[in-house]
Amino acid sequence: MTEPRKRLTSPSGKDIVLTAVRPNAGVAALYTKRLTKMVDGMHRAVLRSVRAIYEALPPELAQDESPAMALANEMRRLARKWLGRFEEEGPKQARRFAREAQRSTDASMAARLRDQGFSVQFKVTAEMNDAYQAVVAENVGLIRSIAEQHLQRVQGSVMRSVSTGRDLETLAKDIEKRYRLTRKRAGFIARDQNNKATAVITRVRQEGLGITHARWRHSRAGKQPRKSHLQADGEIYEVARGMFLDGKWIRPGEEPNCRCVSQSIIPGFE
Ligand SMILES: [Zn+2]
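The rules we used
- Residues numbered from 1 in each chain as written.
- Predicted model: local features only at pLDDT ≥ 70, side-chain atom pairs only at ≥ 80, totals over all residues.
- Heavy atoms only, no water.
- Helix = DSSP H or I, 4+ residues; strand = E, 2+ residues; numbered from the N terminus.
- Rg over C-alpha atoms; globule rule 2.2 N^0.38 Å.
- Contact = heavy atoms within 4.5 Å.
- Areas by Shrake-Rupley, 256 points an atom, 1.4 Å probe, with all protein chains shown as cover.
- Axes fitted to C-alpha atoms, helices over the stretch in contact; angles between N-to-C directions.
- Parallel < 35°, antiparallel > 145°, perpendicular 65-115°, else oblique.
- Left-handed = near helix turned anticlockwise from the far one by under 90°.
- Nonpolar A, V, L, I, M, F, W, Y, C, P; charged D, E, K, R; others polar.
- Salt bridge = Lys/Arg side-chain N within 4 Å of Asp/Glu carboxyl O.
- Buried < 20%, exposed > 50% of the residue type's maximum accessible area, 1.4 Å probe, protein only.
- Patch = residues over 30% accessible without salt bridge, like charges linked within 9 Å, V, L, I, M, F, W, Y side chains within 5 Å.
- Lys, Arg positive; Asp, Glu negative; His and termini not counted.
- Charge placed at Lys NZ, Arg CZ, Asp CG, Glu CD.
- Phe/Tyr/Trp six-rings, centres within 6.5 Å; stacked < 30°, edge-to-face > 60°.
- Lys NZ or Arg CZ within 6 Å of the ring centre and 35° of its normal.
- Expected span 1.5 Å × (residues − 1).
- Bend = angle between axes of the 7 residues up to and from the residue.

### Comments concerning the overall build of the protein
- A tally of regular secondary structure across the protein gives 5 helices and 6 strands.
- The helix and strand sequence of the protein, counted from the amino end, reads β-α-α-α-α-β-α-β-β-β-β.
- The globule rule puts the C-alpha radius of gyration for 270 residues at 18 Å, and the 24 Å found for the protein is more than 25% above it.
- The dimensions of the protein, computed from C-alpha atoms along their principal axes, are 85 × 40 × 30 Å.
- Long-range pairs, those at least 24 residues apart, make up 81% of the contacts in the protein between residues at least 6 apart in sequence.
- For the protein, the accessible surface area stands at approximately 14600 Å², while carbon and sulfur atoms represent 50% of it.

This is the structure we're talking about:
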């Protein structure tokens, strides 16, 4: 079902600049909570298993397998198991997040329009479905990568520990450290994906409403703003193309850690 291209125009004849739609912090917080919960579960179970495997290792060489080999095999099994769990749970969480991001972006966009006297009812268009599927696919991959990267690093720590004399407490500390980094990464992914999803959904809605131009708004919330984005603040860009910054065409909120937003412009004449 394709939305009819009704083009919004300003009744006064003067351009209307809508308040920007910002990424919903509540959506990011919920997504962070769910991802970190998955990470917490994996970490606790993996650490428990590593301890058990370690303690069960024979002090000397086993008959047909060296302890290092046995350990490597156990670690591979453990990694496969947890990767499998993330692969199973990932699509559910990705879809849930994409739905929430879409709902909240739509609601915010509709509210901005209502503020200016426009009443719109957003529908699930083919373009919106494409955007939704793309958000889901990217997040499925990222969720999987959280487990994959974490398990790879833990496996590395275990093997290094074996080759340097098997000190379980040092190893446990290593794994804890890795866990804190993985948790941080999950939080970053949740926030960043929320910015990106908001950006892409906003763009699809702009196009659906026939909004061809928007104003780039730099957000001061970031700790290390990109100079180019700072300079783009207030500039008008074409919704279909974005703005040419740092060598490529991008839209606000699309680059990693970019919190820039888009102010839709409703033109004053056809
Ligand atoms: Zn930015």
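### Details of the packing of helix α1 (residues 25-56) against helix α4 (residues 168-208)
- Packing of α1 against α4 leaves a shortest axis separation of 9 Å and a crossing angle of 160 degrees. Considering the angle they form, α1 stands roughly antiparallel to α4. When the axes of α1 and α4 are compared, the crossing they make is right-handed.
- Classifying every residue of the contact of α1 with α4 by side-chain character gives 16 nonpolar, 7 polar and 7 charged.

### Section: the pattern of salt bridges
- The full count for this structure, using the stated rule, is 14 salt bridges.
- In this structure, the salt-bridge partner of Arg205 is Asp106, at a minimum N-O distance of 2.8 Å. Of this pair, Arg205 sits in helix α4 while Asp106 is found in helix α2 (residues 67-115), placing the two residues 99 residues apart along the sequence. With respect to burial, Arg205 and Asp106 carry one shared label: buried.
- The partner of Glu207 in a salt bridge is Arg203, with the nearest N and O atoms 3.4 Å apart. With Glu207 and Arg203 both in helix α4 and 4 residues apart, this pair spans about one turn of that helix.
- Where salt bridges share partners, they join Glu87, Arg144 and Glu148 into one cluster.

### A few points about a positive patch on the surface
- Among the surface-exposed residues, Arg44, Arg48, Lys81 and Arg85 lie close enough to one another that they form a single positively charged patch.
- Inspection of the secondary structure puts Lys81 in helix α2.

### As for the packing of aromatic side chains
- Per the counting criterion, the structure on display carries 3 aromatic pairs.
- Between Trp216 and Tyr237, the aromatic rings sit 5.9 Å apart at their centres with planes inclined by 70 degrees, giving edge-to-face as the arrangement. Residue Trp216 is found in strand β2 (residues 213-217), and its partner Tyr237 is found in strand β3 (residues 236-238); the two are separated by 21 residues along the sequence.
- The exposure class assigned to Trp216 is buried, which follows from its relative accessible area of 0%.
- Overall, the relative accessible area of 4% leaves Tyr237 in the buried class.
- A cation over a ring is seen here: Arg85 above Trp82, with NZ or CZ 4.6 Å from the ring centre.

### Some thoughts on α2
- Along its 49 residues, α2 runs 69 Å from first to last C-alpha, staying within 8% of the 72 Å computed at 1.5 Å per residue.
- The axis of α2 is deflected most strongly, by about 35 degrees, at Glu89, and proline Pro91 appears within four residues downstream.

### Re the packing of α1 against α2
- It is the contact of α1 with α2, at a shortest axis distance of 10 Å, that shows an interaxial angle of 170 degrees. It follows from the interaxial angle that α1 and α2 lie roughly antiparallel.
- Taken together, the residues of the contact of α1 with α2 break down into 19 nonpolar, 5 polar and 5 charged.

### Describing α4
- Here α4 is 41 residues long and its end C-alpha atoms lie 58 Å apart, about the 60 Å a rise of 1.5 Å per residue gives.
- In the stretch just after α4, Gly210 is the one whose phi turns positive, near 75 degrees.

### Notes on the environment of Ala186
- If you trace the backbone, Ala186 turns up in helix α4.
- Using a relative accessible area of 0% as the deciding quantity, one classes Ala186 as buried.
- In this structure, the C-alpha to C-alpha distance between Ala186 and Ile146, residues 40 residues apart in sequence, is 6.9 Å.
- Setting aside residues up to four positions removed in sequence, Ala186 forms contacts with Leu35, Thr36, Val39 and Ile146.

### Here's the deal with unusual backbone geometry
- A positive phi angle, close to 50 degrees, is found at Asp246, a residue other than glycine.
- As for its position among the elements, Asp246 is in the loop between β4 (243-245) and β5 (248-250).
- Although it is not a glycine, Asn257 adopts a positive phi angle of roughly 65 degrees.

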